[in-house]
Amino acid sequence: MSDRNGVMMQYFHWYMPDDGSLWNQVAEKAEELAKIGITSLWLPPAYKGTGGGMDVGYGIYDLFDLGEFDQKGSVRTKYGTKDEYVRAIQVAQKAGISIYADVVFNHKLGADRAEEVEAIPLNTEDRNQPIGEYQTIKAWTHFTFEGRKGKYSTMEWHWWHFDAIDYNVYNESENAIYLLKGKSFDTDVDLEKGNFDYLMGCDLDMQNSEVKGELKYWGEWNYDTTNVDGFRFDAVKHVSAGFFQEWLEHVRHHAKRDLYAVGEYWSYEVEALNNFIAVTEGKVDLFDAPLHLNFHLASQAGENYNLSTIFDNTLVQVQPTLAVTLVDNHDSQPLQSLESIVEAWFKPLAYALILLRREGYPCLFYADYYGAHYKDWGKDGNEYEIWIESHQWLLDKFLSVRQTYAYGDQIDYFDHPNTIGWTRLGDEEHPDGMAVVMSNSEEGRKWMNIGHPNSTYIDITEHIEESVNTNDEGWGEFRCTGGSVSVWIKS
């Protein structure tokens, strides 16, 4: 992270309207976002998915179609056209905001033609276990991109560019993953389900030189076309870990600049994240999924959760310079694949824990800032109406404090299961310091040193009206109301 006290914002959620308006919204809001303290935006996948103008972007069809060609029933993507995307990036960068593109290298979906190929069916829960013999299957693996007609790249994709698929036209009812003949799964992937190389669709074969060459060429083309400042890598636990470092170094060399990268390794085992960091030599930051899990559990358990352990077994605890801290995202939001809701009452506490501390690169979620309302079907077959509350008023306060006061040494007071706090003592440029105290039970109080003797502090959350005066040594008793957080700055 290059920005001092930088803040990333995930500028989308799963249920954004599919009206092609997001890129224009980015351009319209860029200056406002920069003013409140957002220094980078992670934008959703900008290329054509199998669902055309309705695809969230993760059902990758054509990486080279940024909303320019009539494919999959539309020219634009869910978020707009190529020209609108490029303009949004330029406007945001002019406002001082870096743009991170969402890069999906794991799979392709929506092939144009089917091909016959030999394959062996594997158990979906244990990918090392065959459940049949080699057989001829018919798979949707031939991508011709007829709408693009060879512009930007003439490569067509065939079965030999993939290592596995999960659908056989000749046996539609079989629940299996088909490993294609002569292929093997990568070993430097997550070991869930025996080997988690395969996730969905046509799984890219990262041992194939044509595949690797095309992805590197696409990286050059994409950078030249969009001038993005970095990348968010999707589903990294399902792809050969070493490839991300290889690809990133290739594109950085082409761009002749340092491009930022963060990976989505969605595992709650911090050791798995450490292993990926070791393989990629610390070149790629990771989202702190274990921290998100702690927030989810804390929000469910209420006062029965020991707040002093909130950072236990998290990435930000062991690799603070490589951790992108988050509260929620598009996969964890209600009715999505990794649903693990952080309850609304706890979100202010969670955001204080990522925005107002020294460690980690915080990522704000669009739906938590602006709110969200949508309907979808749950895994139980019932339809649900979801409202996600906007925390914009409080988040703006936290962002302002982060820009102005969250500097210098940090003293933690994580000495009580229900009430924790910390102070930041400030630095030469930002001398005033600040204090944070939170409780997941009744009203909380913390005797803390803020480094400023005989000074008056007020609670910017406005939960507590009375001010706090520090003594001759800079100590004061800082308070918060029950189930909430207060942030104290010099009056």
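Residues numbered from 1 in each chain as written. Predicted model: local features only at pLDDT ≥ 70, side-chain atom pairs only at ≥ 80, totals over all residues. Heavy atoms only, no water.

**As for the side chain of Thr124**
Next, step 1: Turning to its location among the elements, Thr124 is positioned in the loop between strand E7 (113–122) and strand E8 (135–142).
Next, step 2: A residue is classified by how much of its surface remains accessible, and Thr124, at 17% relative accessible area, is buried.
Next, step 3: Not counting chain neighbours up to four residues away, the residues in contact with Thr124 comprise Asn175, Ala176, Ile177 and Lys193. (Helix = DSSP H or I, 4+ residues; strand = E, 2+ residues; numbered from the N terminus. Buried < 20%, exposed > 50% of the residue type's maximum accessible area, 1.4 Å probe, protein only. Contact = heavy atoms within 4.5 Å.)

**Let's talk about the sheet that holds strand E20 (residues 419–424)**
Strand pairing in a sheet takes place through backbone hydrogen bonds and is either antiparallel or parallel in direction.
Next, step 1: Across the sheet, 6 strands lie side by side as E19-E20-E21-E26-E23-E24; this open sheet has antiparallel pairing. Sheet topology places strand E19 (410–413) and strand E24 (468–469) at the edges, where each strand pairs with a single neighbour.
Next, step 2: Here strand E23 (residues 456–459) pairs with strand E26 (residues 485–490) via 3 bridges, running antiparallel. When the bridges of E26 are listed, Ile458 appears paired with Ile489.
Next, step 3: Along the sheet, helix H8 (residues 347–355) contacts E20, strand E21 (434–439) and E26; its crossing angle with E21, the most-contacted strand, is approximately 145°. (Pairing = 2+ DSSP bridges. Axes fitted to C-alpha atoms, helices over the stretch in contact; angles between N-to-C directions.)

**Some remarks on the sheet that holds strand E14 (residues 285–287)**
Next, step 1: Taking strand neighbours around the barrel as the criterion, the 8 strands line up as E1-E2-E5-E12-E13-E14-E15-E16 in a closed arrangement whose pairing is parallel. In this sheet, adjacent strand axes meet at a mean angle of 25° when their direction is disregarded.
Next, step 2: Note that strand E12 (residues 230–233) and strand E13 (residues 260–263) share 4 bridges and pair parallel. Looking at E13, one finds that Phe231 is bridged to Ala261.
Next, step 3: Where H8 meets the sheet, its contacts fall on strand E15 (323–326) and strand E16 (361–365), and the angle it forms with E16 comes to roughly 150°.

**Some details on the pattern of salt bridges**
Next, step 1: Within this structure, the stated rule accounts for 29 salt bridges.
Next, step 2: The salt bridge partner of Arg232 is Glu264, with a shortest N-O separation of 3.5 Å. Of this pair, Arg232 sits in strand E12 while Glu264 sits in the loop between E13 and helix H5 (270–279), placing them 32 residues apart in sequence. Taken individually, Arg232 and Glu264 each receive the classification buried, so the pair is uniform in this respect.
Next, step 3: The shortest N-O distance in the salt bridge between Asp415 and Lys446 comes to 3.0 Å. Taken as a pair, Asp415 in the loop between E19 and E20 and Lys446 in strand E22 (residues 444–449) lie far apart in primary sequence, 31 residues in all.
Next, step 4: Exposure remark for Asp415: the relative accessible area of 57% places this residue in the exposed category.
Next, step 5: Take Lys446: its relative accessible area is 8%, and that puts it in the buried class.
Next, step 6: Taken together, the salt bridges that share partners define one network made up of Glu443, Arg445, Glu466, Glu477 and Arg479. (Salt bridge = Lys/Arg side-chain N within 4 Å of Asp/Glu carboxyl O.)

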